[in-house]
Amino acid sequence: MSARSTGGAKPPSVRTAFIPGSRLPGWAERFGASHGGFQVRDDDDGLRLLADDGAEALLQAPWPSDGRPGRGADALERLASLASQPRRLGLLLVRRGGYGVAVVTEGVPLASKVGSTYVQSRTAAGGQSQQRFARRRSNQADALVEAVADQALRVFSAEPFEYLVPGGDRALAGFVLDHPALKDYAGLPRLAYLDVPDPKAAVLKKAAADACSVRIQVIDPQ
């Protein structure tokens, strides 16, 4: 039955975009023109644009100010300025089908490595076959973590950076970043997780740009 026939409300539409700081003023202007204007509210989780037609946009900086706040006459200008600062990030993307590692600044990789891997999917089989499969899958995952940690150390050692950005499979990325080979980077702050497909060269390039951009979640009016 439809939401109308049952009296239920249609869930709001939520979209996510990544906008570089230099383009943020233009994006906000277009958002206001499309939704009849907006008011700005500075929340703990980011800058919120409350449009006259009920739409909302939550804007989150790619990194904390850390004593280097953005400049501007209002909160929106300061956010754009903060996101435009040339900070360096260590990017680690890993999924069962591949990995991508890079040191990034201003949305561009300074050093990077992309590779293909394979870890089998889960199976519904039971008994001894399932146990053998589980051991094989675990061995593949362990080998993947070792290989990616080794490549990450090579890339990360090439350029200094101040933040870590994980992406892809949360569990695998966590295992790699916790690997003893990367112990020198364990104390670095970790920024927002990136949801990416199997990391190919194009995926890594886009993730590098997104990691240095303002994350925007738009909730359309019902």
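Remember, predicted model here, so these are calculated numbers, not experimental data. (Residues numbered from 1 in each chain as written. Predicted model: local features only at pLDDT ≥ 70, side-chain atom pairs only at ≥ 80, totals over all residues. Heavy atoms only, no water.)

Student: Would you take a moment to explain the overall build of the chain for this structure?
Tutor: In terms of regular secondary structure, the chain is built from 6 helices and 9 strands. For the chain, with 222 residues in total, the buried portion stands at 41%. When contacts within the chain are restricted to residue pairs at least 6 apart in sequence, those whose partners lie at least 24 apart make up 62%. Per element, the accessible surface of the chain, about 12,200 Å² overall, is 50% carbon and sulfur. (Helix = DSSP H or I, 4+ residues; strand = E, 2+ residues; numbered from the N terminus. Buried < 20%, exposed > 50% of the residue type's maximum accessible area, 1.4 Å probe, protein only. Contact = heavy atoms within 4.5 Å. Areas by Shrake-Rupley, 256 points an atom, 1.4 Å probe, with all protein chains shown as cover.)

Student: Which parts of the structure should I look at to understand helix α3 (residues 75–83)?
Tutor: Think of an α-helix as 3.6 residues a turn; residues three or four steps apart then line up on the same face. Looking only at α3, the buried set comprises L76, L79, A80, L82 and A83. Viewed end-on, α3 has its buried residues packed into an arc of 160°, placing them on one side of the element. Those residues of α3 that are buried lie in contact with α2 (24–35), β2 (38–43), β3 (46–51), β4 (56–60) and β9 (214–219). The N-cap of α3, judged by a side-chain oxygen 3.1 Å from the amide nitrogen of L76 a few residues on, is D74. (Arc of directions from axis to C-beta. Polar contact = N/O pair within 3.5 Å; in protein donor to acceptor, adjacent residues only side chain to side chain.)

Student: Explain the pairing of strand β7 (residues 108–116) to me, please; I cannot follow it from the model alone.
Tutor: The side chains of a regular strand alternate, first on one face of the sheet and then on the other. Here 8 bridges tie strand β6 (residues 98–105) to β7, and the two strands are oriented antiparallel to one another. Bridge assignment links G100 to a residue of β7, and that residue is V114. (Pairing = 2+ DSSP bridges.)

Student: Help me out: how do you make sense of the sheet that holds β3 in this one?
Tutor: Strand pairing in a sheet relies on backbone hydrogen bonds, with the paired strands running either antiparallel or parallel. Ordered in space as β1-β9-β4-β3-β2, the 5 strands form an open sheet in which the pairing is antiparallel. Where the open sheet ends on each side, the last strands, each with one partner, are β1 (14–19) and β2. Going across the sheet, the axis of each strand differs from the next one's by a mean of 20°, ignoring polarity. Relative to β3, β2 is paired through 6 bridges, and the arrangement is antiparallel. Bridge pairing in β3 links Q39 to L50. (Axes fitted to C-alpha atoms, helices over the stretch in contact; angles between N-to-C directions.)

Student: Please explain the pattern of salt bridges as it appears in this structure.
Tutor: When the charged atoms of two side chains lie near each other, side chains of opposite charge can form a pair. Evaluation of the coordinates by the stated rule reveals 11 salt bridges. One continuous salt-bridge network, built from bridges that share partners, spans R41, D43, D45, R48 and E56. (Salt bridge = Lys/Arg side-chain N within 4 Å of Asp/Glu carboxyl O.)

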